[in-house]
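# Geometric and topological summary
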Amino acid sequence: MKTREQRDLFPGALEMMILRTLKRQPLHGYALAQHIKRTSNDLLQIEEGSLYPALQRLLKEELLKAEWGISSTNRRVRIYKVTAAGAKHLEHEVSRFEKMLDGITRVLAPGES
Amino acid sequence: MSWLKQLFSRRRFYGELSLEIREHINERIEELVAEGMPKKEAAAAARREFGNMTLIEEDSRAIWQWPTVESFLSDLRYGVRMLRTSPGFTAVAVLTVALGIGANTAMFSVVEGVLLSPLQYFQPDRLVMVWENNPRFPRVWVSYPNFLDWQRTARSFQQMAAGMEQGVDLTAPGTPEHLNGEEISSGFFRTLGVELALGREFFPQEDQRGGSPVAIISNRLWRNRFDTNPEVLGKYVTLDGVDFTVVGVVPSGFSFGHQYADVYTPLGRSDPLILNDRAAHDGIFTLARLQPGVTLAQSQAEMSTIQNGLDQLYPDANRDLGIYTEPLKQVVVGNVDRTLLLLLGAVGFVLMIACANVANLLLARSAARTREFAIRSALGANRLRLVRQVLTESVLLSLAGAGLGLLIATWGVRSVVAAVPGILPRSENIGLNAPVLLFTLGASITVGILFGLAPALRSWKADPQASLKEGVRGSTSAHHHAHNSLVIVQMALTLVLLVGAGLLFQTMRHLWDVNPGFDVQHLITFKVGVSHALTKTPSSTRVAYQQLIGRIRQIPGVQAADFTDTVPLSGQGGTMPFWIDSQKPASLQGAPRLAMFLTGPDYLRTMGIPLLQGRFFTPEDTTKSPCVMVIDSIFAHIYFPDSDPLDHTLSAGFSPVGPCRIVGVVGHVEQWALGDSSAYIQNLAYFPLYQDPDQWVPLNYPETTVVVRTALDAAAIMPTIKATVYGASSDQPVYNIRTMQQIVWESMSSQRFPMILLGTFAGLALLLASIGIYGVISYSVTQRVHEFGIRVALGAGKQGIFRLVVGQGLRLALAGLAIGAAAALMLTRLLSSFSHLLYGVGASDPLTIVAVSLVLAGVTILACYIPARRAMRADPMVALRHE
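Each helix and strand in chain A was counted, giving four helices and three strands. For chain A, the succession of helices and strands along the chain, N to C, is α-β-α-α-β-β-α. Classification of the 113 residues of chain A by burial places 28% in the buried group. Considering only residue pairs separated by 6 or more positions, chain A has 53% of its internal contacts joining residues 24 or more positions apart.

This part covers the overall build of chain B. Per the secondary structure count, chain B includes 30 helices and 23 strands. For 883 residues, the compact-globule formula gives about 29 Å, and the C-alpha radius of gyration of chain B, at 38 Å, lies well above that figure. Its C-alpha atoms give chain B principal-axis dimensions of about 135 × 75 × 55 Å. Within the span of chain B, comprising 883 residues, buried residues form 42% of the whole. In chain B, 82% of the contacts between residues at least 6 apart in sequence involve partners at least 24 apart.

Residues and elements named next belong to chain A. Strand order in the open sheet formed by three strands is S1-S3-S2, and the pairing between neighbours is antiparallel. Looking along the sheet, the strands with just one partner apiece sit at the ends: strand S1 (27-28) and strand S2 (64-70). Of the strand pairs in this sheet, S2 and strand S3 (residues 76-82) are connected by seven bridges, and their pairing is antiparallel. What sits directly across from Lys-65, in S3, is Lys-81.

Looking now at the interface of chain B and chain A. Accessible area lost during the coming together of the parts is what is often quoted as the interface size. Opposite the 17 residues of chain B that make contact, chain A presents 16 residues. Of all elements in the fold, only helix H1 (3-34), helix H2 (39-50) and helix H3 (53-62) of chain B reach the threshold of two or more residues within the side of chain B that touches chain A. A total of seven residues in the side of chain B that touches chain A trace back to one element, the largest contributor, which is H1 of chain B. Of the residues belonging to the side of chain B that touches chain A, the class tally is six nonpolar, four polar and seven charged.

This part covers the pairing of strand S10 (residues 263-266) of chain B. In regular strands, side chains alternate between the two faces of the sheet. All names here are of chain B. The alternating pattern of S10 places Val-263 and Thr-265 on one face and Tyr-264 and Pro-266 on the opposite face, and all of these are buried. Where strand S5 (residues 181-184) lies against S10, four bridges are found, and the strand directions are parallel. From the neighbouring strand, Gly-181 faces S10, where its bridge partner is Val-263. Of the pairings in the sheet, the one linking strand S7 (residues 214-217) to S10 comprises two bridges and is antiparallel in character. Each bridged residue has a counterpart across the sheet, and for Ile-217 the counterpart in S10 is Val-263.

Another point: the confidence of the model for chain A. Residue and element names in this part refer to chain A. Chain-level pLDDT for chain A is 80 on average; 82% of the residues reach the 70-or-more range. Of all the helices and strands in chain A, helix H2 (residues 29-39) carries the lowest mean pLDDT, 84, while helix H4 (residues 84-108) carries the highest, 88. Confidence over residues 1-8 falls short of pLDDT 50; this stretch has five contacts with residues more than four positions distant or in other chains.

To continue, consider unusual backbone geometry. Residues and elements named next belong to chain B. The omega torsion across Ala-172 and Pro-173 is -5 degrees, close enough to zero to call that bond cis. With respect to the helices and strands, Pro-173 occurs in the loop between strand S3 (168-172) and strand S4 (177-179). Cis geometry marks the peptide bond from Gly-658 to Pro-659; its omega dihedral reads 0 degrees. Following the sequence through the fold, Pro-659 ends up in strand S20 (residues 657-666). Here the phi dihedral of Gln-123 falls at roughly 40 degrees; this positive angle occurs in a residue that is not glycine. Note on placement: Gln-123 falls in the loop between helix H5 (87-116) and strand S1 (127-133). According to the C-beta neighbour criterion, Gln-123 is partly exposed, with 13 such atoms within 10 Å.

This next bit is on the packing of helix H25 (residues 749-783) of chain B against helix H27 (residues 798-830) of chain B. Residue and element names in this part refer to chain B. Packing of H25 against H27 leaves a shortest axis separation of 10 Å and a crossing angle of 140 degrees. By the angle between their directions, the pair H25 and H27 is classed as oblique. Between H25 and H27 lies a crossing whose hand is right-handed. Here Ile-773, Ile-777, Ser-780 and Val-781 of H25 lie close against H27, whose contacting residues are Val-805, Gln-808, Gly-809, Leu-812 and Ala-813. For the contact of H25 with H27, a count of residues per class yields six nonpolar, three polar and no charged.

Glancing now at the domain arrangement of chain B. We note that the domain assignment places domain 1 (3-65), domain 2 (66-122 + 336-475), domain 3 (124-333), domain 4 (478-509 + 741-883) and domain 5 (530-732) within chain B. A C-alpha centroid distance of 59 Å is found between domain 2 of chain B and domain 5 of chain B.

Here the focus is the packing of helix H1 (residues 13-24) of chain A against H4 of chain A. Residues and elements named next belong to chain A. Between H1 and H4, whose axes approach to 10 Å, the crossing angle comes to 125 degrees. Between H1 and H4, the angle is such that the two are oblique. Relative to H4, H1 is oriented so that their crossing is left-handed. Facing Met-16, Leu-19, Arg-20 and Lys-23 of H1, the residues of H4 in contact are Gly-86, Ala-87, His-89, Leu-90, Glu-93, Val-94 and Phe-97. When the residues that make up the contact of H1 with H4 are grouped by side-chain class, the tally is six nonpolar, two polar and three charged.

With that settled, consider the nonpolar core. Residues and elements named next belong to chain B. Formed by 105 residues in total, the largest nonpolar core has its most connected members in Leu-495, Leu-497, Phe-761 and Ala-765. Looking at this core element by element, the count peaks at 19 residues for helix H13 (residues 336-368). In terms of domain composition, this core takes at least three residues from each of domain 2 (66-122 + 336-475) and domain 4 (478-509 + 741-883). If we ignore the near neighbours within four places in the chain, the residues touching Leu-497 are Ala-346, Phe-349, Leu-758, Phe-761, Ala-762 and Ala-765. In this structure, Leu-594, Phe-617, Val-666 and Tyr-686 belong to the second largest nonpolar core, which totals 56 residues.

Put simply, chain B has an average pLDDT of 87, and 94% of its residues get 70 or more. The ipTM, which scores confidence in the relative placement of chains, is 0.81 for this predicted complex, and the corresponding pTM is 0.77.

Within the element layout of this structure, Ile-104 of chain A appears in helix H4. Spatially, the C-alpha atom of Ile-104 of chain A lies 31 Å from that of Gln-56 of chain A, the residues being 48 residues apart in sequence.

So, about the pairing of strand S14 (residues 558-564) of chain B. Residue and element names in this part refer to chain B. Counted residue by residue, S14 has five buried out of seven residues, so it is predominantly covered. Sheet analysis places S14 next to strand S22 (residues 705-710), joined by six bridges and oriented antiparallel. Across the sheet, Ala-561 pairs through a bridge with Val-708, a residue of S22.

Next up on the list: the environment of Thr-238 of chain B. Residues and elements named next belong to chain B. Mapped onto the fold, Thr-238 is located in strand S8 (residues 236-239). In this structure the C-alpha to C-alpha distance between Thr-238 and Pro-173, which are 65 residues apart in sequence, comes to 7.2 Å. Those residues in contact with Thr-238 that sit more than four places away from it in its chain are Leu-170, Thr-171, Ala-172 and Asp-243.

Here is what the cut-offs are and how they apply
- Residues numbered from 1 in each chain as written.
- Chains lettered and ligands numbered in written order.
- Predicted model: local features only at pLDDT ≥ 70, side-chain atom pairs only at ≥ 80, totals over all residues.
- Helix = DSSP H or I, 4+ residues; strand = E, 2+ residues; numbered from the N terminus.
- Buried ≥ 20, exposed ≤ 12 C-beta atoms within 10 Å, placed from the backbone.
- Contact = placed C-beta atoms within 7 Å.
- Rg over C-alpha atoms; globule rule 2.2 N^0.38 Å.
- Pairing = 2+ DSSP bridges.
- Nonpolar A, V, L, I, M, F, W, Y, C, P; charged D, E, K, R; others polar.
- pLDDT = per-residue confidence, 0-100.
- Axes fitted to C-alpha atoms, helices over the stretch in contact; angles between N-to-C directions.
- Parallel < 35°, antiparallel > 145°, perpendicular 65-115°, else oblique.
- Left-handed = near helix turned anticlockwise from the far one by under 90°.
- Domains from an automatic or database assignment.
- Core = buried A, V, L, I, M, F, W, Y, C linked by C-beta atoms within 7 Å.

This is the structure:
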């Protein structure tokens, strides 16, 4: 049986991508999934469904808010928006991620020693 | 969002979530169809890309939940549903648990009420009893002058009080009645920390010789004789012919020691023969409350110092006397604690057997539910959740069982207490109270988890792939292993219980065969409160008693009758120091002891005790004639091995009587207990009632019991006897009417009580174990129907199949019996409290073990019979067609 962690990159990565995407423009679940897939050039083979628990988590922490609306294809959909707290959280997470990435890059950098 | 709002808006929210997910998939399908994919394929692709819908929805919901509680509730709902779908299984399992838990709850409530719960006094753990002791006895009744000295000097105690049980005849108000009474020192109730319901305790000036006659009465007496009149204080009760003023009423439910007393009178008014004699140790006990911060050991040390001082001051009376302090509770509980704990252990075995049964049932059912679990696990349910589900179901079962078990326990407790009346101290304290209910709850949850473990582990290991494959019967060998080991354990436990019960049964049988030394049949005993108008002086008392026994002898049907102050095996009787001829020992405390019977001349003939040498007493042995005594055969054997006892004299007592000539030797009588060969005083002596010195008459005569030999039934002759006694004087109560057979029967209660309970538990164990082995064999037959069919097709005879099945059962039973026999041998030896109870049979009696094993093997064959019959009918065609 696959464990859920394998579907995610590292803890918090999916949430970060969701927040980043939604900060640009509010989207409903399906559009969000397609957008993340597309922009990552299908590199991230995430299951579309794994978005939903992440969305619930963000809703519960009030980093996102959701409203029912009508999509471009005329469906009743729930459209997700980043809250002010969400924006702040994203900033914080991105800077943390960059620091971490910087650290990893240094360690992995070839041959200075 | 507050959690409360969450809780209420959730149902709508869940609906929105599934809608959202559904829409997501529909949108994807549409898009794929628009790209030219056929609708069916598009639907499959959309779902594949999305992932496990159910699980994702569940996970998304879980974020909003208080997860453990909610999944527990849903497990609970599911569990109830599952149990209801298989009512037969549920009924058997619940009933099994109910028997196990019920028996345990009943037994625990006895242990709780008698041993664990605190005494009903203020800070009861600070209460101690102070005894004297000597080189021969660990506890000796206290000398009253010594008590007064302790009370004055001891610093370890806040209060100290003394008391003595003393029966009294109440003649007014109302009809004459003999009552249990207690003579107590002033401060008795204050020491216990008990508030009287009405009135006051005795003043110190009332608690002495010549103090005004005052009494405190029980709540029962207040109710029965005074209609609970609040004006009772100042009214009179006539006790032993003296009018006592009621000054207090004891609160209802109060009791002290082993008997329920109806009347309390000042100890200081008691007989001066006992109170003034420092050498007298005659029934007085001492009670004390420890000072805060003082330990039992410290008080013991202080009291020993005080006693040493007294010993030096009064060497004649006190030489060799020591002190023994012990917690009051230890005295009240006595020695039943070991028996009770033994029985609690035994009943624990029954619960384990019940657990094994339910575990087996659950295992068999979990095999049947393999597919259900496989499907749930394939759908993404995680293992922990499945295990939790299985455990929830089993705990649910055990709780249902416990509910029913409580009903069994209420009935069981009543039967336990009624089974052997009088053996359990504090039995009024036994009931299904809060600690007992807590025990039941804890026990049932524990056993629920215990018997749920095997199937839970099974579901943990379940491989969904394997069990989903059609037609595979699954790997059942490990499974059989579990079944088999559970049955073996059951058999072993049952054997241990049966051996225990068997040994006690043998003990009872041997005790019945013991010759008590007298003829038990056709004997009736009772006491008479001889009218106080007739017993004003010692000589008039002697006449009154002689006339009374003369009247009783005249009654048609009475073959013989006489008085004795001690009835063998009734628990009465004490010991006293003695010496032969003129060899008076330096210290009476350290001197050898005898047990003395004060009897009338016809006692020997009435009891049917054989005369071996010389003569017994005659009516001519009176205070005016030379003092005589009679000894028993053991006395003669121990102390006169080489000489004729009739050539010697005997002196006996702390205030010695004698020297008296030994005029006869009679057969030995079992005085303390049947089959009691312990080192306790076995040498008995007899002294003529009518030779008792004047000063002892008021003390000793009222203690006597009438023994009557008659061929008639007690019920037939007692009315005549009562009429005769009342005819002589109407204020003479007749009480304590018992046949000698009853007395003998009751004397065995310390063995009978555990035998009845252990027998019941063993029977229960046998029943459960036979159901267990039946279940396993019958399950295995169902599993092997195929195999049997093939065997038959290949030419196996029906007998062969029968033998195969019964053989399987017997193999299990034999393994269990071997383990059980080893365990029984070890346990019965380890438990000293158990071997203590046995008589005439060793703790590792091979006969008992073999007999019990045969019974178990027989039951096994019976239990295997039905499934074996079914196996014999296996149809080869059905089996082969199925392949």
